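Coordinate inspection notes
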Amino acid sequence: MNRVLDKLNTVASRAASKATLALGVLGVIGGAVLATGQASASETAFISGFSASPPPSGARTLCRQYAWACANKKSVSLPSHQELRLVKQINAQVNATTREVTDQVQYKTRERWALPTSRGGDCEDFALLKKRDLIKAGIDPNKLLLATVLDTRRGPHAVLVYRSNQGDLVLDNLTNRIKPWSATRYLFLRMQDPKQPQRWVGIYGRS
């Protein structure tokens, strides 16, 4: 009888060890899956550039015309909540005080990137003005990137991307809402290179 009990105890011990090992493996796998999911979510929060790209035709002389538009000198970072408050404030302010007028009407040309005049400006002019005013307000220029997209109707459009700690947010003259880039339903084409804003990168990313 004692021998039988010993054998039963041995079998039970081995089964418990295998169960513990299996649970450990499952825990490692589960942790890896969770970590991968978190990494993927973090990666998609930011726009990724894929290749070098020439600037939009109207922005070829942008850096010579407005040195601040291509600045990459880091400034002292403001607290995140203060930065976001400034971003929302200036986005709404520019949208409310700048009239929309096409380059064709204003300059008799299809595309020209410039600050709005007293008559107003088009989408890229709105984006430029927001970038200038945010830099003046103390936002790091490296966090403010001009970008070209195709809008929800797949028409050409330009926006300003604010690279927050949580992800890329879009400042748009079509709305006062500050949206994550992935929530705009835009097709992103090109953006200033975050490391060297005087250069542009091709994105080709669907939000």
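For the structure, check the block above.
Sequence order sets the numbering: in each chain, residues are counted from 1 along the sequence as written. Note on the predicted model: pLDDT of at least 70 is required for a residue's local features to be given, and 80 or more for side-chain atom pairs to be given and counted; whole-chain, interface and lining totals, by contrast, use all residues. For the side-chain quantities, the full set of heavy atoms in the structure was used; hydrogens and water were omitted.

Helix and strand definitions here come from DSSP, where helices need a minimum of 4 consecutive H or I residues and strands a minimum of 2 consecutive E residues; each element is numbered from the N-terminal end. When its secondary structure is counted, the chain shows five helices and seven strands. Reading the helices (α) and strands (β) of the chain from amino to carboxyl end gives α-β-α-α-α-α-β-β-β-β-β-β. A 1.4 Å probe rolled over the protein chains alone gives each residue an accessible area, and that area as a share of the maximum for its type sets the label: buried under 20%, exposed over 50%, partly exposed in between. Residues classed as buried in the chain amount to 40% of the 207 residues present. Only the protein chains shown count as cover for residues, with accessible areas throughout obtained via the Shrake-Rupley method and a probe of 1.4 Å. By element, 56% of the accessible surface of the chain is carried by carbon and sulfur atoms, the whole surface being about 12,200 Å².

Take the nonpolar core next. Within the largest apolar cluster, 28 residues are counted, with the highest numbers of intra-cluster contacts made by Leu62, Trp113, Leu128, Leu134 and Leu146. Those elements that provide at least two residues to this core are helix H3 (80-97), helix H5 (123-136), strand S2 (144-150), strand S3 (156-164) and strand S4 (167-172). We call two residues in contact whenever any of their non-hydrogen atoms come within 4.5 Å of each other. Beyond its immediate stretch of four places on either side in the chain, Leu62 contacts Ala69, Trp113, Leu128 and Leu146. Counting residues in each nonpolar core, the second largest holds 12 residues, with Ala147, Val149, Val159 and Ile203 among its members. Grouping buried Ala, Val, Leu, Ile, Met, Phe, Trp, Tyr and Cys residues that are joined through side-chain atoms within 4.5 Å yields what is termed a nonpolar core.

What follows covers the packing of aromatic side chains. Working definition: rings of Phe, Tyr and Trp (its six-membered ring) pair if their centres are within 6.5 Å, and the pair is stacked with planes under 30 degrees apart, edge-to-face with planes over 60 apart, and tilted otherwise. In the structure shown here, the tally under the stated rule is three aromatic pairs. The interplanar angle of 90° and the centroid separation of 5.9 Å between the aromatic rings of Trp113 and Trp200 together place this pair among those described as edge-to-face. Residue Trp113 is found in the loop between helix H4 (103-107) and H5, and its partner Trp200 is found in strand S7 (residues 200-206); the two are separated by 87 residues along the sequence. Across this residue pair, the class does not change: Trp113 and Trp200 are buried. Two thresholds decide whether a charge sits over a ring: the Lys NZ or Arg CZ must be within 6 Å of the ring centre and within 35 degrees of the ring normal. We note Arg112 situated over the ring of Tyr107; from NZ or CZ to the ring centre the distance is 4.3 Å.

Further remarks concern the pattern of salt bridges. By salt bridge we mean one thing: a side-chain nitrogen of Lys or Arg within 4 Å of a carboxyl oxygen of Asp or Glu. In this structure the tally under the stated criterion is three salt bridges. Here Lys143 and Glu83 are joined by a salt bridge, their closest N and O atoms 3.2 Å apart. In this pair, Lys143 is assigned in the loop between H5 and S2 and Glu83 in helix H3, connecting sequence segments 60 residues apart. Residue class for Glu83 comes out buried when judged on its relative accessible area of 2%. When the shortest N-O distance is used, the salt bridge between Asp133 and Arg132 registers 3.1 Å. Residue Arg132 is classed as partly exposed on the basis of its relative accessible area of 25%.

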